[in-house]
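Chain by chain, the residues run as shown.
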Amino acid sequence: MQTLTSVDALRRAVNKARKAGKTIGFVPTMGNLHEGHLQLLRRAKHLADCVVVSIFVNPLQFGANEDLDAYPRTLAADKEKLFAEGANFLFAPTVDAMYPEGMKPQTLVSVPRITDTLCGAARPGHFTGVATVVTKLFNMVQPDVAVFGEKDFQQLMVIRKMVGDMCMPIDIVSVATVRETDGLAMSSRNNFLSSKERRVAPRLH
Ligand code: PAF
């Protein structure tokens, strides 16, 4: 597995694979990988010859009072898991590589209506941040197929709508939610739950 941190290096590596006749699968993540992410990677490996996984905690999708600084960053452990599962490329860019002009006003991708409800209503700007970074990542990787978890179901719908509206030539494939034995969906944010919240959370399932 090759780890790439610049957009140029990523493009060179993916182009080389494509010229060798390989199809490209893509799994975008924010890292702190658990079994749910690994299932996405396994599906991508099944669907494409060469798989790129990205790890990037995207500042644009976090609100002012959200958990950007506290979000778990575990790159060394993540790399070991990806290597063991046979990912071909890990793209782990810095914030500067993704946003060379910083976080000042820039072109955004905004998906209407579907982002107004549920999580979108509680987190204004969140899905615009997601759609914008996923568009950038898609333009960088140019995958044939990209795999997303059904855990973030509204996000999956937003990505499908964006890909359809913008005529992006990418198959979007979803994978069922992976759960703990008591039914709680696996998530990097489960560690933020208090013991009381952790006890009641499986009732959602
Ligand atoms: O689901 C996630 O981990 C993120 O929202 C994504 C799709 C990687 C975009 O930052």
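Reading the values: rules and limits
- Residues numbered from 1 in each chain as written.
- Predicted model: local features only at pLDDT ≥ 70, side-chain atom pairs only at ≥ 80, totals over all residues.
- Heavy atoms only, no water.
- Helix = DSSP H or I, 4+ residues; strand = E, 2+ residues; numbered from the N terminus.
- Rg over C-alpha atoms; globule rule 2.2 N^0.38 Å.
- Buried < 20%, exposed > 50% of the residue type's maximum accessible area, 1.4 Å probe, protein only.
- Contact = heavy atoms within 4.5 Å.
- Areas by Shrake-Rupley, 256 points an atom, 1.4 Å probe, with all protein chains shown as cover.
- Lys, Arg positive; Asp, Glu negative; His and termini not counted.
- Charge placed at Lys NZ, Arg CZ, Asp CG, Glu CD.
- Axes fitted to C-alpha atoms, helices over the stretch in contact; angles between N-to-C directions.
- Parallel < 35°, antiparallel > 145°, perpendicular 65-115°, else oblique.
- Nonpolar A, V, L, I, M, F, W, Y, C, P; charged D, E, K, R; others polar.
- Core = buried A, V, L, I, M, F, W, Y, C linked by side-chain atoms within 4.5 Å.
- Salt bridge = Lys/Arg side-chain N within 4 Å of Asp/Glu carboxyl O.
- Phe/Tyr/Trp six-rings, centres within 6.5 Å; stacked < 30°, edge-to-face > 60°.

Caption draft 1: Seen up close, the overall build of the protein. Secondary structure summary: the protein contains eight helices and six strands in total. Starting at the N terminus and ending at the C terminus, the protein contains elements arranged as β-α-β-α-β-α-β-α-α-α-β-α-β-α. Taking 2.2 N^0.38 as the reference for a compact globule, 205 residues should give roughly 17 Å; the C-alpha atoms of the protein span a radius of gyration of 17 Å, in line with that estimate. Projected onto the principal axes, the alpha-carbon positions of the protein cover approximately 50 × 40 × 30 Å. Expressed as a percentage of the 205 residues in the protein, the buried residues total 46%. Summarising the internal contacts of the protein: among those between residues at least 6 apart in sequence, 77% fall at separations of at least 24. Accessible area of the protein: about 11000 Å², with a carbon and sulfur share of 53%. Between the averaged position of the 25 positive side-chain charges in the protein and that of its 20 negative side-chain charges there is a distance of 2 Å.

Caption draft 2: Highlighting the packing of helix H1 (residues 7-19) against helix H6 (residues 126-141). In contact at an axis separation of 8 Å, H1 and H6 are set at 50 degrees when each is read in the N-to-C sense. Taken together, the axes of H1 and H6 are oblique relative to one another. Residues Val-7, Leu-10, Arg-11, Val-14 and Arg-18 of H1 form the contact with H6, whose own contacting residues are Asn-139, Met-140 and Val-141. When the residues that make up the contact of H1 with H6 are grouped by side-chain class, the tally is five nonpolar, one polar and two charged.

Caption draft 3: Expanded view of the nonpolar core. Val-52, Phe-91, Phe-138, Ile-159, Met-162 and Ile-172 are the most contacted members of the largest nonpolar core, which totals 37 residues. Taken together, the elements giving at least two residues each to this core come down to H1, strand E2 (24-29), strand E3 (50-55), strand E4 (89-91), H6, strand E5 (145-149) and helix H7 (153-165). Not counting chain neighbours up to four residues away, the residues in contact with Phe-138 comprise Phe-26, Pro-143, Ala-146, Phe-148, Ile-159, Met-162, Val-163, Met-168, Ile-170 and Ile-172. Membership of the second largest hydrophobic core comes to 17 residues, among which are Ala-48, Val-53, Ile-55 and Ala-92.

Caption draft 4: Molecular detail of the pattern of salt bridges. Evaluation of the coordinates by the stated rule reveals seven salt bridges. Put simply, Glu-66 and Arg-123 hold a salt bridge, and the shortest N to O gap is 2.4 Å. With Glu-66 in the loop between E3 and helix H3 (75-85) and Arg-123 in the loop between helix H5 (118-122) and H6, this residue pair connects regions lying 57 residues apart in the sequence. On the basis of relative accessibility, which here comes to 29%, the residue Glu-66 falls in the partly exposed class. Asp-67 is the partner of Arg-189 in a salt bridge, and the nearest nitrogen-oxygen pair spans 2.7 Å.

Caption draft 5: Expanded view of unusual backbone geometry. For Arg-113, which is not glycine, the phi dihedral falls at a positive 60 degrees. Relative to the helices and strands, Arg-113 is located in the loop between helix H4 (95-98) and H5. With phi around 55 degrees, Cys-167 is a residue other than glycine that occupies positive phi space. Along the chain, Cys-167 turns up in the loop between H7 and strand E6 (171-175). Owing to a relative accessible area of 66%, Cys-167 belongs among the exposed residues under this scheme.

Caption draft 6: Expanded view of the packing of aromatic side chains. Enumeration over the complete set of coordinates arrives at four aromatic pairs. Here the aromatic rings of Phe-56 and Tyr-99 are separated by 6.2 Å at their centres, their planes lie at 40 degrees, and the arrangement is tilted. Of this pair, Phe-56 sits in the loop between E3 and H3 while Tyr-99 sits in the loop between H4 and H5, and the two are 43 residues apart along the sequence. Neither residue differs from the other here; Phe-56 and Tyr-99 are each classed as buried. Relative to Tyr-71, the ring of Phe-62 has its centre 5.9 Å away and its plane inclined at 80 degrees; by these criteria the two rings are edge-to-face. The class for Phe-62 is buried, based on a relative accessible area of 10%. Pairwise contacts between aromatic rings join Phe-26, Phe-138 and Phe-148 into one cluster.

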